[in-house]
Amino acid sequence: GWSIDHKQRTPGFNWFPNEELSEQEFELAKEEYIHFKPDILLTHEGPLRLVQHLNNPAFAKQFGYPSTVRTRTAVALDEMIDLWEVPEMFFAHYHFSGGRQISLDHCQTRFTHLDMIRVNSNGFIYPGSTFDLEI
């Protein structure tokens, strides 16, 4: 997923210019996705339609962006859900503790944002809820 703080990171160390798939890679992913019509989709970032339910508008604005950032990944994931409403989608990326399930009207997909496990500079792991996935 796209890093909102990429301007404050070091290229090649803690930020990489190819952190999102290219347009061509997304097209291939969409072809595979519609061909296989999976029951479960696991991604890092979530689809654009969920950003308003997950993003803190003040957080985006402090980095100089609008409250809803239209990343290439989020848009492509929206397009994929439009092609096939996968029954279950799991993702993370949005920085808050605790998992969250989201259901949207007119969409059969059940979206689950997984807990963001955070580690500070001293190696301390912040506790949070987790989801066990049995596939």
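Residues numbered from 1 in each chain as written. Predicted model: local features only at pLDDT ≥ 70, side-chain atom pairs only at ≥ 80, totals over all residues. Heavy atoms only, no water.

**Student:** Where do I start with the pairing of strand 3 (residues 100-103) in this structure?
**Tutor:** Note that strand 3 and strand 4 (residues 110-113) share four bridges and pair antiparallel. Residue pairing in the sheet places Arg-100 in a bridge with His-113 of strand 4. The antiparallel pairing of strand 3 with strand 4 creates a hairpin that spans six residues between the two strands, and His-106 there sits at a positive phi of about 65 degrees. (Pairing = 2+ DSSP bridges. Helix = DSSP H or I, 4+ residues; strand = E, 2+ residues; numbered from the N terminus.)

**Student:** Hey, could you run me through the environment of Glu-45 in this one?
**Tutor:** For Glu-45, the location among the structural elements is in the loop between strand 1 (40-42) and helix 2 (51-54). In contact with Glu-45, other than residues within four places in its own chain, are Gly-1, Trp-2, Glu-20, Thr-71, Thr-73, Ala-74, Leu-77, Met-89, Phe-91, His-93 and Tyr-94. A distance of 2.5 Å separates polar atoms of two side chains, one belonging to Glu-45 and the other to Thr-71. (Contact = heavy atoms within 4.5 Å. Polar contact = N/O pair within 3.5 Å; in protein donor to acceptor, adjacent residues only side chain to side chain.)

**Student:** Whenever I open this one, the pattern of salt bridges confuses me. Can you help?
**Tutor:** Tallied over the entire structure, the rule returns six salt bridges. Linking Arg-110 and Glu-88 is a salt bridge whose minimum nitrogen-to-oxygen distance equals 2.5 Å. Pair noted here: Arg-110 is in strand 4 and Glu-88 is in strand 2 (residues 88-91), with a separation of 22 residues, a long-range link. Note on Arg-110: relative accessible area 37%, which makes it partly exposed. One continuous salt-bridge network, built from bridges that share partners, spans Glu-27, Lys-30 and Glu-79. (Salt bridge = Lys/Arg side-chain N within 4 Å of Asp/Glu carboxyl O. Buried < 20%, exposed > 50% of the residue type's maximum accessible area, 1.4 Å probe, protein only.)

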